[in-house]
Amino acid sequence: MTERARAEGRAGVWSGSWVAERLGVELAGDDTLTGLLGLALRRNPKRAHLLVSNVLGKHVPQSPAVVYGHGVALGRRVRELLGAEAAERAVVLGYAETATGLGHSVADGLGPAPYLHSTRRPVTGVARAGGFEESHSHATSHLLLPEDPALLAGDGPLVLVDDEFSTGNTVLNTVRALHERYPRKRYVVVALVDMRSPADAGRLDEFARDIGARVDLVTAASGTVRLPEGVLEKGQELVARYETRAAEPTRDSPVGEAPAPTSSGSVTHVDLRWPDGVPDGARHGFTAAQRDRLESALPGMAERIAEALPTDTRRVLVLGFEELMYAPLRLAHTLEQTTDADVRYSTTTRSPVLAVDDPGYAIRTRLVFPAHDDPADGPGERYAYNVAGAGFDAVVAVVDSAADTPALHTPDGLLARLAAHVPHVLLAVVPSYVPHASERPPMLPEPLRGPDFSSYASDEVGWLLQDLSDVTLEAPTEEREEAIQSGGAHYAESLPVEYQPSEQYQELFHAALETSATRLARAVGAVTEIVLAERSPRPVLVSLARAGTPVGVLIRRWAQFRHGLDLPHYAVSIVRGRGIDANALRWLADRHDPADVVFVDGWTGKGAITRELTAALRDFEVSDGVTGFDPEIAVLADPGSCVRTYGTRDDFLIPSACLNSTVSGLISRTVLRADLVGPHDFHGAKFYRELAGADLSPDFLDAVSARFPDVADTVDAQAKELLSADRTPTWEGWAAVERISEEYGIHDVNLVKPGVGETTRVMLRRVPWKVLARAGAGADLDHVRLLAEQRGVPVEEVDDLPYTCVGLIHPKYTRGATGADGKAVAL
């Protein structure tokens, strides 16, 4: 980019006109919109265009006073909106990577609020407090890793900060994930620009009503992006054409790809003398006290940068690094205030954007270099935009120590790429903040065993749980459903009242058990043989309490019957949205090889627990440094096609799904509530000793085990066939659930429960809306039809249903959604 080109850009050419002219994209809205935003193109299957902010300091070098000023001004508006008292209790959350600096600036404007930003960099020793997805992004997984787990647990307002508010999906995903775990009454969404379409504009208000919270929106400008039909395909073709030109540049090529370095300028190291104990950013939280210490240290650090710059420096860029935006911004702002140089600020980024050297295009040039912080998602390209050809006399590259790796200093690394285009390069390294690991008790308790806890024999299973039998946890089903759907409580914080089956229902259970025992025995044998052949010759069975526990006992019995093995078997708690019990994992890792652990469950539905376990084990590996646990679950039935280790993929009745504790050793479902389960405790559960007279747990196990000799030969053939088959998960169940959720206007996959087992759970524990049954489904649904009749729930036959049945929880449930008799009514 030449001085003349830059002058043309300043002379009034909008930096979005190139894209607008070629694709017909329009920005409509506030008069200030085109001053705040330009347009560029990127290779992305979901959205071709990119809104490029002129005031964010990410892609476009800008005066740090302008960048910081916009964030602080938004923060002051939030303070006015909330009032002083609520502002004192607020917590600010920013989004990685683009809005980490903006969020911090908003927190500064708000006042003494603590600040946390999401991150895509896992950190050893720090457990995840939450996470969410950014659907349109090139890299979607956000982690929340606060050093203080209580940071997000207060009841004050939560202020969420992003650079743009385009569809609302990211914010909804965040609030949904956090509200389930840390419910509160007020949220404020802050963005530089509100660019929602008319179709998206009402979703935030509707979502706020659904969760029973207030959600406000504060932005600097608003408008919409008008996209003509076929713009995605046309944009992708345009990107492909210009990327081809970049690969074969000519003298007259308009593509702004900066050439590879042919010579290297000087690189000077600057010792900032960063204050001890002050975090480099808010990846793990940033408090008001830490902000005060940074403010005191900034003038001295800026002075040391100024002293290292050549005396004739007229134009200098302070270049931050991906998520490390705030520290470089404040250094640049202080440098701007204390020197005569023309100071600009921007950062490197993970986001791939096409560069075109045209004054009507927002990304004029780009430097490409390899990632240099050992990212969790592996090596890849990184970018610095609008740096080459911008007339800078010096660049101050600011990175944290985790990113000061050999890759930074290689001939094709960032420093060399900068030095090829800028006469002087300075490197300032900020020490990466390492949170203090929380102390853990040296010993965890031994597992609970029957007959003191559960009606199973002591050698059948050890429960890695704490006994909450003396605590009243039960609540009426309707009351629980309303609290869960409103976000006022998590389903694991209370227990449903135990369903007491009628005599007719008990007869159905016994008939179903008699009919299916042989089929169950075959599935138990087949999955056990696969586990022994593929996972470990002496596996440690760890069932997911409580539905997995009877299955774990049966697998253990098959291993004894067929192979003479005495396998250890434990039951642990896993909670959707909160993960597996980390203390149980620590106990297991202390006593067994994690590689031998096989997690066991009864069946798969849509695969939510499969995903939950995978994410939880990944977090545990990061927080504790323990490797080897395999997230692959072994199940009797896999109708959702979510796992590789199963006895069958048929969706049939597993009678243990028909009842609650009375077929699961008289144990409740697990409980996770902060006032009952401390950071060093196992999750809790209750032992319903008073139901001993109705206990069918031994009957279920013995009925299936009695068929083992009859099915041994069949199992050998079935296991051999499965071992040679392609068992790759297709996740067709998840796709079906998403389709049903939209077709029936539910818009929440958590309210769609596929399969016979999950449908039964809906009927016993939740407020059902309706049951979808595969046309022609037979006796496997007799008990579901009986429960549906008792609760007044319609059963709708559906052709081509991939499951035998699907249970739909009453959407938008309130107690007004049932009649006076408690039966469900139609919407």
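Note that the structure is a prediction, hence the values are computed from the model and not measured.

The next point concerns the overall build of the protein. When its secondary structure is counted, the protein shows 23 helices and 32 strands. Looking at the protein as a whole, 59% of its 827 residues are labelled buried. A fraction of 77% describes how many contacts in the protein between residues 6 or more apart in sequence connect residues 24 or more apart. Accessible surface for the protein amounts to roughly 31,800 Å². Of this, 49% is attributable to carbon and sulfur atoms.

Moving on: the nonpolar core. Leu 41, Leu 110, Val 159, Val 190, Tyr 361 and Leu 418 are the most contacted members of the largest nonpolar core, which has 135 residues in total. Top element by residues in this core is strand 9 (residues 186–194). It accounts for seven residues. Dropping the residues within four chain positions of it, Val 159 is found in contact with Val 78, Ala 90, Val 91, Val 92, Leu 93, Leu 110, Val 188 and Val 190. In this structure, Ala 523, Val 527, Ile 555 and Val 771 belong to the second largest nonpolar core, which totals 69 residues.

Where helix 4 (residues 64–82) contacts helix 6 (residues 100–110), the axes come no closer than 6 Å and their chain directions differ by 50°. It follows from the interaxial angle that helix 4 and helix 6 lie oblique. Handedness of the crossing formed by helix 4 with helix 6: right-handed. Along its contact with helix 4, which presents Tyr 68, Gly 71, Val 72, Leu 74, Gly 75, Arg 76, Val 78, Arg 79 and Leu 82, the element helix 6 presents Leu 102, Ser 105, Val 106, Asp 108, Gly 109 and Leu 110. Split by residue class, the contact of helix 4 with helix 6 holds eight nonpolar, four polar and three charged.

For Pro 698, the location among the structural elements is in helix 19 (residues 697–705). Counting along the chain gives 33 residues from Pro 698 to Gly 665, while the straight-line C-alpha distance between them is 8.0 Å.

Take the packing of helix 4 against helix 12 (residues 326–338) next. Helix packing geometry: the angle between the two helix axes and the distance between the axes. It is the contact of helix 4 with helix 12, at a shortest axis distance of 8 Å, that shows an interaxial angle of 120°. One way to sum up the angle between helix 4 and helix 12 is to call them oblique. In terms of crossing hand, the pair formed by helix 4 and helix 12 is left-handed. Contacts between helix 4 and helix 12 involve Pro 64, Ala 65, Val 67 and Tyr 68 from the former and Tyr 326, Leu 329, Arg 330, Ala 332, His 333 and Glu 336 from the latter. A class-by-class count of the residues in the contact of helix 4 with helix 12 yields seven nonpolar, one polar and two charged.

Looking now at the confidence of the model for the protein. Residues shown with low pLDDT carry predicted positions that ought not to be read at fine detail. With 88% of its residues at a pLDDT of 70 or more, the protein shows a mean pLDDT of 85. In this model residues 483–489 is a low-confidence stretch, pLDDT under 50, and it forms 20 contacts with partners more than four residues away in sequence or in other chains. A low-confidence stretch, residues 814–827 (pLDDT under 50), is modelled with 28 contacts involving residues beyond four sequence positions or located in other chains.

With that settled, consider the pattern of salt bridges. Evaluated as defined, the whole model comprises 36 salt bridges. With its nearest N and O atoms 2.4 Å apart, the salt bridge here joins Arg 291 to Asp 108. Residue Arg 291 is located in helix 11 (residues 288–308), and its partner Asp 108 is located in helix 6; the two are separated by 183 residues in the primary sequence. Here Arg 291 falls in the buried class, since its relative accessible area comes to 8%. A salt bridge links Glu 322 to Arg 382; the nearest nitrogen and oxygen atoms lie 2.9 Å apart. Of this pair, Glu 322 sits in the loop between strand 12 (315–321) and helix 12 while Arg 382 is found in strand 15 (residues 381–385), placing the two residues 60 residues apart along the sequence. As far as the burial class goes, Glu 322 and Arg 382 line up, both buried. Beyond isolated ion pairs, a larger network of salt bridges with shared partners links Asp 108, Arg 291, Glu 295 and Arg 330.

It is worth spelling out the sheet that holds strand 9 at this point. Picture the strands of a sheet paired through backbone hydrogen bonds; they go either parallel or antiparallel. The mixed open sheet is built from six strands, whose spatial order is 1-10-9-8-4-5. The strands lining the two open edges of the sheet, one partner per strand, are strand 1 (26–29) and strand 5 (115–117). Taking the axes of each pair of neighbouring strands and ignoring which way they run, one obtains an average angle of 25° across the sheet. Pairing of strand 4 (residues 91–94) with strand 8 (residues 158–165) involves four bridges; the strand directions are parallel. Residue Leu 93 lies in a different strand from strand 8, and its bridge partner there is Leu 160. Relative to strand 8, helix 7 (residues 169–181) is tilted by about 160°, and along the sheet it contacts strand 4, strand 8 and strand 9.

This brings us to the side chain of Glu 632. Topologically, Glu 632 is positioned in the loop between helix 18 (608–624) and strand 26 (633–637). Although Glu 632 lies buried, it forms no salt bridge, and the closest oppositely charged side chain, Arg 535, sits 5.3 Å away as judged by the N-O distance. Separated by 3.0 Å, the side chain of Glu 632 and the backbone nitrogen of Thr 645 make a polar contact. In contact with Glu 632, not counting residues within four places along its chain, are Arg 535, Phe 599, Val 643, Arg 644 and Thr 645.

Let us look at the environment of Asp 651. Mapped onto the fold, Asp 651 is located in the loop between strand 27 (645–648) and strand 28 (684–685). Residue classification places Asp 651 among the buried positions, given a relative accessible area of 12%. Measuring from C-alpha to C-alpha, the distance between Asp 651 and Gly 640 comes to 8.6 Å, with eleven residues separating the pair along the chain.

All right, on to the packing of aromatic side chains then. For any pair of aromatic rings, the description consists of the separation of the ring centres together with the inter-plane angle of the planes. According to the stated counting rule, one finds 13 aromatic pairs in the structure shown. Seen from their ring centres, Trp 18 and Tyr 361 are 5.1 Å apart, and the 80° between their planes marks the pair as edge-to-face. Of this pair, Trp 18 sits in helix 2 (residues 17–23) while Tyr 361 sits in the loop between strand 13 (342–348) and strand 14 (366–370), placing them 343 residues apart in sequence. Take Trp 18 and Tyr 361: they sit in the same class, and that class is buried.

Let us look at the sheet that holds strand 32 (residues 805–809). Across the sheet, which stays open at both edges, the four strands sit in the order 29-32-30-31 with mixed pairing between neighbours. Two strands bound the open sheet, and with one partner strand each, they are strand 29 (752–754) and strand 31 (795–798). On average, each strand axis in the sheet is inclined to that of its neighbour by 20°, with strand direction left out of account. As paired elements, strand 29 and strand 32 share three bridges and run antiparallel to each other.

What follows covers helix 17 (residues 582–591). Among the residues of helix 17, those classed as buried are Asn 583, Ala 584, Leu 585, Arg 586, Trp 587 and Leu 588. Summarising the contacts, the buried residues of helix 17 are in contact with strand 22 (540–545), strand 23 (569–575), strand 24 (579–580), strand 25 (597–603) and helix 18. The N-terminus of helix 17 is capped by Asp 581, whose side-chain oxygen sits 3.0 Å from the backbone nitrogen of Asn 583.

The residue after Gly 450, namely Pro 451, is reached through a cis peptide bond having omega 0°. For Pro 451, the position within the fold is in the loop between strand 17 (424–430) and strand 18 (462–463). Residue Arg 546 is reached from Ala 545 by a cis peptide bond, and omega for that bond is 0°. Tracing the backbone through its elements, the reader meets Arg 546 in the loop between strand 22 and helix 16 (548–563). A positive phi angle is found at Ser 454, which is not glycine, with a value near 95°. Looking at the secondary structure, you find Ser 454 in the loop between strand 17 and strand 18.

Attention now moves to the pairing of strand 26. Of all five residues in strand 26, five are buried; the element is thus mostly enclosed. Relative to strand 26, strand 25 is paired through four bridges, and the arrangement is parallel. Of the residues in strand 26, the one forming a bridge with Trp 603 is Ala 637. In the classification by handedness, the crossover that spans strand 25, the intervening helix 18 and the parallel strand 26 is right-handed.

Basis of the calculations
- Within any chain, residue numbers begin from 1 and follow the written order of that chain's sequence.
- Only residues with pLDDT of 70 or above have their local features reported here, since the model is predicted, and side-chain atom pairs are shown and tallied only from 80 upward, although totals for entire chains, interfaces and linings are computed over all residues.
- Computation of side-chain values covers all heavy atoms of the structure but excludes hydrogens and water.
- Each helix is a run of H or I in the DSSP string that is no shorter than four residues. Each strand is a run of E no shorter than two, and both are numbered from the N terminus.
- Whether a residue is buried, partly exposed or exposed follows from its accessible area with a 1.4 Å probe, protein chains only, as a fraction of its type maximum: under 20%, in between, or over 50%, in that order.
- The contact rule is simple, with two residues in contact once any of their heavy atoms fall within 4.5 Å.
- Accessible areas in this description were obtained via Shrake-Rupley with a 1.4 Å probe; residue shielding takes into account the shown protein chains only.
- The criterion is simple. A nonpolar core is a set of buried Ala, Val, Leu, Ile, Met, Phe, Trp, Tyr and Cys residues joined through side-chain atoms within 4.5 Å.
- In this analysis an axis means a line fitted to C-alpha atoms, helices contributing only their contacting stretch, and an angle means the value between N-to-C directions, from 0 to 180 degrees.
- Comment on the angle field: the value is read as roughly parallel under 35 degrees, roughly antiparallel over 145, roughly perpendicular from 65 to 115, and oblique elsewhere.
- For a crossing to be left-handed, the near helix must be turned anticlockwise from the far one by less than a right angle; the clockwise case is right-handed.
- Nonpolar residues are Ala, Val, Leu, Ile, Met, Phe, Trp, Tyr, Cys and Pro. Charged residues are Asp, Glu, Lys and Arg, and all others, Gly as well, are polar.
- pLDDT measures the predictor's confidence residue by residue and takes values from 0 up to 100.
- The term salt bridge refers to a side-chain nitrogen of Lys or Arg lying within 4 Å of a carboxyl oxygen of Asp or Glu.
- Any two strands are treated as partners once DSSP identifies two or more bridges connecting them.
- In this tally Asp and Glu are treated as negative and Lys and Arg as positive; neither His nor the chain ends contributes.
- Polar contacts, as used here, are pairs of N or O atoms within 3.5 Å; protein pairs need one atom able to donate a hydrogen and one able to accept it. Residues neighboring in sequence count only if both atoms are side-chain atoms.
- Two rings belonging to Phe, Tyr or Trp (six-membered ring only in the last case) form a pair when the distance between their centres is within 6.5 Å. Interplanar angles under 30 degrees mark stacking, angles over 60 mark edge-to-face geometry, and anything in between is tilted.
- When the strands point away from the viewer and the connection leading from the first strand across the helix to the second strand turns clockwise, the crossover is called right-handed.

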